[in-house]
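Structural overview
Each chain is listed here by its residues.
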Amino acid sequence: MLLVDQKRLDTSVLNSHSWELVEDLRGLTGNIQKPVKQEGLMLKKRKWPMKGWHKRYFLLERGILTYAKTGNDKGRLRGRIDVGLSVMAVKKKSLCIDLDTEDSIYHLKAKTRDLFEQWVTELRHHRMFRQNEIAMEPPERQLQSDPTSNRRVLTLLIQSSITNLSECESGLLELNLLLKNMEVLHRTFSAPAINLLQVGLFGLNMCLCFGLCGWDVPDGSRPLLQQVSSESRGSIPESLSEFFDAKEYLLSGSSSENEVSDDDSYISDVSDSMSVEYCRNENGITKAILSNGNDCALKRRDRLPSSRMNESVNLWSILRSNIGKDLSKVAMPVQLNEPLNTLQRLCEEVEYSHLLDTAVNTHDPHMRMVYIAAFAISAYACSFTRAGGKPFNPILGETYECLRPDKGFRFIAEQVSHHPPVSACHCESKNYTFWQDVRWKNKFWGKSMEIVPMGVTHLELPGFGDRYEWSKVTSCIHNILSGQRWIEHYGEMSIKHSTTMGDVSHCKVTFLKVGSGGLNANEVEGVVTDSHGRVIHSLFGKWSEALYLGKPPSVTCIWRANPMPEDHEQYYGFTQFAVELNELEEGLKPLLPLTDTRFRPDQRLLEEGDIAGAEEQKERIEVLQRERRRVLQENSMTHSPRFFKRAEDDSWVSNGTYWDLRKDPGFSKLEFPVLW
């Protein structure tokens, strides 16, 4: 039952060094004394811009927490938090208070122990008062509020209705009416987000990232109860990663903040009447190189062998037993995965490689930077329809190759480390060389999950002596345990440029954080500057749709996302490029190493719709990896990657042997570890 699954973990076991979950109201009561008003200064954390802790003046009244820059600035409130509808967690050691409102996460901190205890006491009192006030409101008044609040209100009503069995009969009658009204509201007001079974982190590559839950409830109640907010859950701090034997993980990361800056920005919508000079997209002929070295036209598949199987999984029952642990070590059922691997997700980032080819043919260094920025932004487009799908975690030593003569590149990737997990990739063409290694910092916040990618992405254009470097921005998946899941990316991406000839160009791209009412959703804006900081070009658009150069009404479309395949919702939200990544042609099999992801049985069985078989194979693969690790430890040995090496800056780069060994003597004549 839902209510059983949501049973609160006893917070008394949490010590002062960990996050303590503040419990919700247990049942209705009419004698909760009205709390006194609390106000004063606290520190509030901002992710960007001006990241760090900043003083803010807070006012807590009747369960509503508002804040402004100063006590005299109440006319310009910077935020409003309904404490009764938020997940609240405290950490005594660091004097921190976290409030997760589902839409945003607020990190607060007191300067002294006495001030911390005072605020925590008042927040608890106001929270109980507000929750009791909500639960005692008549249903018709509750239905006037927004659908998001309605879901949380319903949770409180459910919790209070079971407190006294003598009140159940009348309470259930009212609840039944409320359920029907709420269902109408849900159909009317819910945003047209991705279907619960289609959203496909983390990731975070990121994004990367992660399949989610269903509820074990009667069929008649399922559509609504999937929208019911789970009872409050606490923030889980980061901890050191541990080896976890190839199990499937849910990634997460540190949170960020929704406070607008002093220079509030606005991006106008690009109307159809605007003058668009051109918009290049890629629709080339698909080719492949056969074993005899000849080119031939190859028709690639346009859909997966099987659609996504609709099997519900109670994610909260998994997370509840892992409170206080790093979620990167929590094993997830295979049906929460999508039939792609993290190594293949890295390959998805070069789907729009034609932007790099265009850059190579552009002699103006500042315009060349525009195309590089478009390429960096386009890497996030594939995540829009897959916010909840989790890629398979690679086995240590697992590899993946992608040879695309139609796009003019060849790509390799390898899992070079398992503790911590690190995936490295290298992509090259006659025009450019692209490489990166990816690792994540992650954290779960009760209702949302953040993925902070670590590492630097590198790009070289030998023809101009150019080298570019940038880091990925933070990703966050919202509504982890209930409701419509959606992903946002936010933060600043700074693209650094160095060259042996010509002028230096720099670019700063800002991924805007979603504001209230969906303001700024998926929007990006950026500027290209010269070596003196003078703005040469301005960019704007959406990472999920298109990027434009210039300012309305006359703009140039630099990049536009490819159209999605028909019925993509039924096939994990995959793009056409993603559909092709795990395809294994007969002519390709003898050319691949046995460690290639396409030979992985659990991923292949999931692609074919055999969930039971995939789960069985996943467990078998985990046993094999544990055995390999034991042998290495007993012999005081460490794993050495086959096709990558560690560089002086501690990053991973290709050792340049993959394609030579593929040609002579061929991978079929070489020995590889048995991964599966």
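Residues numbered from 1 in each chain as written. Predicted model: local features only at pLDDT ≥ 70, side-chain atom pairs only at ≥ 80, totals over all residues. Heavy atoms only, no water.

All right, on to the overall build of the protein chain then. When you go through the protein chain residue by residue, the secondary structure sums to 14 helices and 29 strands. Burial analysis of the protein chain (676 residues in total) assigns 57% to the buried set. Roughly 29000 Å² of accessible area belongs to the protein chain as shown, and the carbon and sulfur atoms make up 51% of that amount. (Helix = DSSP H or I, 4+ residues; strand = E, 2+ residues; numbered from the N terminus. Buried < 20%, exposed > 50% of the residue type's maximum accessible area, 1.4 Å probe, protein only. Areas by Shrake-Rupley, 256 points an atom, 1.4 Å probe, with all protein chains shown as cover.)

By rolling a water-sized probe across the atoms, one finds the places where empty space is left. A volume near 650 Å³ is recorded for the second largest pocket. If you go around the second largest pocket, you meet 28 residues; those closest to its centre are Leu396, Leu632, Thr638, His639 and Ser640. A class-by-class count of the residues in the lining of the second largest pocket yields 12 nonpolar, 11 polar and 5 charged. (1 Å grid on protein atoms, 1.4 Å probe; cavity = no way out; pocket = protein on both sides within 12 Å on 5 of 7 lines; lining within 4 Å. Points joined across faces, edges and corners; volume = space filled by probe spheres on them. Nonpolar A, V, L, I, M, F, W, Y, C, P; charged D, E, K, R; others polar.)

Attention shifts here to the nonpolar core. By size, the foremost hydrophobic cluster in this structure holds 74 residues, and its most contacted members are Ile372, Phe411, Leu459, Trp470, Met493, Ile495 and Phe511. Looking at this core element by element, the count peaks at 10 residues for helix α10 (residues 365-378). With residues up to four places along the chain from it excluded, the contact list for Phe411 reads Leu343, Leu346, Cys347, Tyr400, Glu401, Cys402, Cys425, His426, Cys427 and Trp659. By size, the runner-up hydrophobic cluster in this structure holds 20 residues, among which are Phe58, Val83, Met88 and Val120. (Core = buried A, V, L, I, M, F, W, Y, C linked by side-chain atoms within 4.5 Å. Contact = heavy atoms within 4.5 Å.)

For the peptide bond that leads from His419 to Pro420, omega is 0 degrees, which places it in the cis range. Note that Pro420 resides in the loop between β15 (409-418) and β16 (421-428). Residue Pro665 follows Asp664 across a cis peptide bond; omega there is 15 degrees. Of note, Leu95 is a non-glycine position whose phi angle comes to about 60 degrees, a positive value. With respect to the helices, strands and loops of the structure, Leu95 is situated in the loop between β6 (87-91) and β7 (96-100). The buried category is assigned to Leu95, whose relative accessible area is 12%.

Here the focus is the side chain of Arg404. Note that Arg404 resides in strand β14 (residues 399-404). At 2.9 Å, the side chain of Arg404 forms a polar contact with the side chain of Glu580. (Polar contact = N/O pair within 3.5 Å; in protein donor to acceptor, adjacent residues only side chain to side chain.)

For the structure on display, the rule yields 31 salt bridges. Arg662 is paired through a salt bridge with Glu401; the nearest N and O atoms lie 3.0 Å apart. You can see Arg662 sitting in helix α14 (residues 658-663) and its partner Glu401 sitting in strand β14, a full 261 residues away along the chain. Assigned by exposure class, Arg662 and Glu401 land together as buried. With a shortest N-O distance of 3.1 Å, Lys589 and Glu586 are connected by a salt bridge. The class of Lys589 is partly exposed, set by a relative accessible area of 32%. (Salt bridge = Lys/Arg side-chain N within 4 Å of Asp/Glu carboxyl O.)

In the predicted model, the protein chain carries a mean pLDDT of 76, and the fraction of residues at 70 or more is 69%. No element of the protein chain has a lower mean pLDDT than helix α6 (residues 222-225), at 33, and none a higher one than strand β19 (residues 457-461), at 97. A low-confidence stretch, residues 1-15 stays under pLDDT 50, and its non-local contacts, those more than four residues away or across chains, total 34 contacts. In the model, residues 159-166 has pLDDT below 50 throughout and makes 10 contacts with residues more than four positions away in sequence or in other chains. (pLDDT = per-residue confidence, 0-100.)

On to the sheet that holds strand β1 (residues 20-21). The strand order across the open sheet formed by 8 strands is β1-β6-β7-β8-β2-β3-β4-β5, and the pairing between neighbours is antiparallel. Looking at which strands have only one partner, the edges of the open sheet turn out to be β1 and β5 (79-82). For strand β3 (residues 52-61) and strand β4 (residues 64-68), the ladder comprises 5 bridges, and the chain directions are antiparallel. The residue of β4 that forms the bridge with Phe58 is Tyr67. Against the sheet, helix α2 (residues 113-136) makes contact with β1, β2 (38-46), β3, β4, β5, β6 and β7, and its axis sits at roughly 100 degrees relative to β2, the strand it touches most. (Pairing = 2+ DSSP bridges. Axes fitted to C-alpha atoms, helices over the stretch in contact; angles between N-to-C directions.)

Right, let's get into a negative patch on the surface. A surface patch of like charges, here negative, comprises Glu608, Asp610, Glu616 and Glu619. Here Glu616 shows up in helix α13 (residues 611-634). The class for Glu616 is exposed, based on a relative accessible area of 56%. (Patch = residues over 30% accessible without salt bridge, like charges linked within 9 Å, V, L, I, M, F, W, Y side chains within 5 Å. Lys, Arg positive; Asp, Glu negative; His and termini not counted. Charge placed at Lys NZ, Arg CZ, Asp CG, Glu CD.)

What follows is about the pairing of strand β8 (residues 105-109). Burial of β8 is extensive: 4 of the 5 residues sit out of reach of the surface. Bridge analysis of β2 against β8 gives 2 bridges, and the strand direction is antiparallel. What sits directly across from Leu43, in β8, is Lys109. In this sheet, β8 lies alongside β7 in antiparallel orientation, the contact comprising 5 bridges. Each bridged residue has a counterpart across the sheet, and for Cys96 the counterpart in β8 is Lys109. Between the antiparallel neighbours β7 and β8 lie 4 residues, among them Glu102 with a positive phi of about 85 degrees.

Mapped onto the secondary structure, Leu356 falls in helix α9 (residues 354-360). On a C-alpha basis, the gap between Leu356 and Ile372 in space is 6.5 Å, while along the polypeptide they are 16 residues apart.

Next up on the list: the packing of aromatic side chains. Summed over all chains, the structure comprises 15 aromatic pairs. Considering the side-chain rings of Tyr67 and Tyr106, the 6.3 Å spacing of their centres and the 70 degrees angle between planes classify their relative orientation as edge-to-face. Of this pair, Tyr67 sits in strand β4 while Tyr106 sits in strand β8; the two residues are 39 residues apart in sequence, bridging distant segments of the chain. Looking at Tyr67, the relative accessible area reads 1%, which means it is buried. Relative accessible area serves as the criterion here: at 8%, Tyr106 is assigned to the buried category. Taking 4.8 Å as the distance between ring centres and 75 degrees as the angle between the ring planes, the aromatic pair formed by Phe643 and Tyr658 counts as edge-to-face. Residue Phe643 is located in the loop between α13 and β28 (644-646), and its partner Tyr658 is located in helix α14; the two are separated by 15 residues in the primary sequence. Across the pair, exposure class does not vary: Phe643 and Tyr658 are buried alike. (Phe/Tyr/Trp six-rings, centres within 6.5 Å; stacked < 30°, edge-to-face > 60°.)

In this sheet, β3 lies alongside β2 in antiparallel orientation, the contact comprising 9 bridges. Bridge pairing links Met42 to Arg56 in β3. In this structure, the hairpin formed by β3 and β4 is closed by a connection of 2 residues, where Arg62 is found at a positive phi of approximately 55 degrees.

Between its terminal C-alpha atoms α10 stretches 20 Å, which fits the 20 Å expected from 14 residues at 1.5 Å a residue. Along α10, 14 of the 14 residues are buried, which leaves the element largely enclosed by surrounding structure. In this structure Asp364 caps α10, since a side-chain oxygen of it lies 3.1 Å from the backbone nitrogen of His366. (Expected span 1.5 Å × (residues − 1).)

With respect to the helices and strands, His478 occurs in strand β21 (residues 474-478). In sequence terms His478 and Ala387 are 91 residues apart; their C-alpha atoms lie 8.8 Å from each other. A distance of 2.7 Å separates a polar atom in the side chain of His478 from a polar atom in the side chain of Glu488.

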